[in-house]
Amino acid sequence: DVKVTQSSRYLVKRTGEKVFLECVQDMDHENMFWYRQDPGLGLRLIYFSYDVKMKEKGDIPEGYSVSREKKERFSLILESASTNQTSMYLCASRSSWDTDTQYFGPGTRLTVL
Amino acid sequence: AQKVTQAQTEISVVEKEDVTLDCVYETRDTTYYLFWYKQPPSGELVFLIRRNSFDEQNEISGRYSWNFQKSTSSFNFTITASQVVDSAVYFCALRSLGNNDMRFGAGTRLTVKP
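All figures in this text were calculated on a predicted structure; none of them were measured in a lab.

Cut-offs applied
Residues numbered from 1 in each chain as written. Chains lettered and ligands numbered in written order. Predicted model: local features only at pLDDT ≥ 70, side-chain atom pairs only at ≥ 80, totals over all residues. Heavy atoms only, no water. Helix = DSSP H or I, 4+ residues; strand = E, 2+ residues; numbered from the N terminus. Rg over C-alpha atoms; globule rule 2.2 N^0.38 Å. Buried < 20%, exposed > 50% of the residue type's maximum accessible area, 1.4 Å probe, protein only. Contact = heavy atoms within 4.5 Å. Areas by Shrake-Rupley, 256 points an atom, 1.4 Å probe, with all protein chains shown as cover. Lys, Arg positive; Asp, Glu negative; His and termini not counted. Charge placed at Lys NZ, Arg CZ, Asp CG, Glu CD. Polar contact = N/O pair within 3.5 Å; in protein donor to acceptor, adjacent residues only side chain to side chain. Phe/Tyr/Trp six-rings, centres within 6.5 Å; stacked < 30°, edge-to-face > 60°. Buried area = accessible area lost by both parts, 1.4 Å probe. Salt bridge = Lys/Arg side-chain N within 4 Å of Asp/Glu carboxyl O. Nonpolar A, V, L, I, M, F, W, Y, C, P; charged D, E, K, R; others polar. Pairing = 2+ DSSP bridges. Axes fitted to C-alpha atoms, helices over the stretch in contact; angles between N-to-C directions.

Student: Even after reading the chapter, I still don't get the overall build of chain B, so can you show me in this structure?
Tutor: The secondary structure content of chain B amounts to 0 helices and 12 strands. Against the globule reference of 13 Å for 114 residues, chain B gives a C-alpha radius of gyration of 14 Å, in line with a compact fold. Within chain B, the fraction of its 114 residues that count as buried is 46%. Partitioning the intrachain contacts of chain B with sequence separation of at least 6 by distance along the chain shows that 56% fall at a separation of at least 24. By element, 47% of the accessible surface of chain B is carried by carbon and sulfur atoms, the whole surface being about 5500 Å². Computed over 12 positive and 13 negative side-chain charges, the inter-centroid distance for chain B is 3 Å.

Structure below.
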């Protein structure tokens, strides 16, 4: 079974704080993704990574950065959290096989006060 | 541009009713994949099915069935004899061959009442 884990289920931070969201997958997948989920908007891609140290911007990268130093770990960083970044954050991973399925972690609900 | 539309924001049914969740997609690519995911209250998206654009055969898995019609760009999902445990948000998604990005619809919240 593919397992994607995220460091926290719930997180509360203050405006201006630096926030790290961690994601780990155990299936040796090349591709990893960060999405945010907001009501009525579905899932929107923030960043993805197709290999160690490689990253590409998704649809809404502003205010976020990412780090992939090891294949199994993909971190999302909010350099200076703002209230409009309050959301559910979902991590996913997928192998390079084009027919493969994307597997998701349980999500981190971040509240920025 | 790729787009997935789930026009039904919320659906409420009584247990044992059948329910169909609609999904309409837009893409210019000829090879693509369509997905359905279920998101129960726990939050984790659970993969349900993947279809590729060359396979229009309908699929049935227990109480779940999927109807893929290329002519209308639709990939609808039917739950037969719904149960309370089916209550969740359901997402339809699209990804083209060679593309890392997956487009999601806005989701349909299904509530099944006892």
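Having seen it, we continue.
Student: Hey, could you run me through the side chain of Gln102(A) in this one?
Tutor: For Gln102(A), the position within the fold is in the loop between β9 (87-94) and β10 (103-104). At 2.7 Å, the side chain of Gln102(A) and the side chain of Tyr35(A) are in polar contact. Residues contacting Gln102(A), with those up to four places away along its chain left out, are Phe33(A), Tyr35(A), Ala92(A), Ser93(A), Arg94(A), Tyr37(B), Asn100(B) and Met102(B).

Student: Would you mind showing me how to read the packing of aromatic side chains here?
Tutor: Per the counting criterion, the structure on display carries 19 aromatic pairs over all chains. Ring geometry for Phe104(A) versus Phe104(B): centroids 5.9 Å apart, planes at 80 degrees, classification edge-to-face. With Phe104(A) in strand β10 and Phe104(B) in strand β11 (residues 103-104), this residue pair bridges two chains. For the pair shown, Phe104(A) and Phe104(B) are each scored as buried. With a centroid separation of 5.0 Å and an interplanar angle of 5 degrees, the aromatic rings of Trp66(B) and Phe77(B) are classed as stacked. Of the two residues, Trp66(B) is situated in strand β8 (residues 64-69) and Phe77(B) in strand β9 (residues 74-79); the sequence distance between them amounts to 11 residues. Residue Trp66(B) shares its accessibility class with Phe77(B), and that shared class is buried. Through a chain of ring-to-ring contacts, the aromatic side chains of Phe33(A), Tyr35(A), Phe48(A), Phe104(A), Phe35(B), Tyr37(B), Phe47(B), Phe91(B) and Phe104(B) assemble into a single cluster.

Student: Could you clarify how one ought to interpret the interface of chain A and chain B in this entry?
Tutor: At the interface, 23 residues of chain A touch 23 residues of chain B. Summed over both sides, the interface between chain A and chain B buries roughly 1800 Å², with carbon and sulfur atoms accounting for 46% of that surface. Taken together, the links from chain A to chain B amount to 1 salt bridge. Listing elements by their share of the side of chain A that touches chain B, those giving two or more residues are β4 (31-38), β5 (42-51) and β9 of chain A. Tallying contributions element by element places β5(A) first for the side of chain A that touches chain B, with 5 residues. A class-by-class count of the residues in the side of chain A that touches chain B yields 10 nonpolar, 8 polar and 5 charged.

Student: Explanation requested: unusual backbone geometry in the structure shown.
Tutor: Of all residues except glycine, most have a negative phi; of all peptide bonds, most are trans. With phi around 60 degrees, Asp28(A) is a residue other than glycine that occupies positive phi space. Here Asp28(A) is to be found in the loop between β3 (19-25) and β4. If you check the backbone angles, Ala81(B) has positive phi at about 50 degrees while not being a glycine. Of note, Ala81(B) is situated in the loop between β9 and β10 (88-96).

Student: Would you explain the environment of Glu15(B) in this entry?
Tutor: Topologically, Glu15(B) is positioned in the loop between β2 (10-14) and β3 (19-21). As a C-alpha pair, Glu15(B) and Ser82(B) span 67 residues in sequence and 5.3 Å in three-dimensional space.

Student: Sorry, what's going on with the sheet that holds strand β8 (residues 73-78) of chain A here?
Tutor: Residues and elements named next belong to chain A. Spatially, β1-β3-β8-β7 is the arrangement adopted by the 4 strands of the open sheet, whose pairing is antiparallel. Edge strands, defined here as strands with exactly one partner in the open sheet, are β1 (4-6) and β7 (65-70). Along the sheet, successive strands turn relative to each other by an average axial angle of 20 degrees, direction set aside. Across 6 bridges, β3 lies against β8 in antiparallel orientation. Within β8, the position partnered with cysteine 23 by the bridge is phenylalanine 74.

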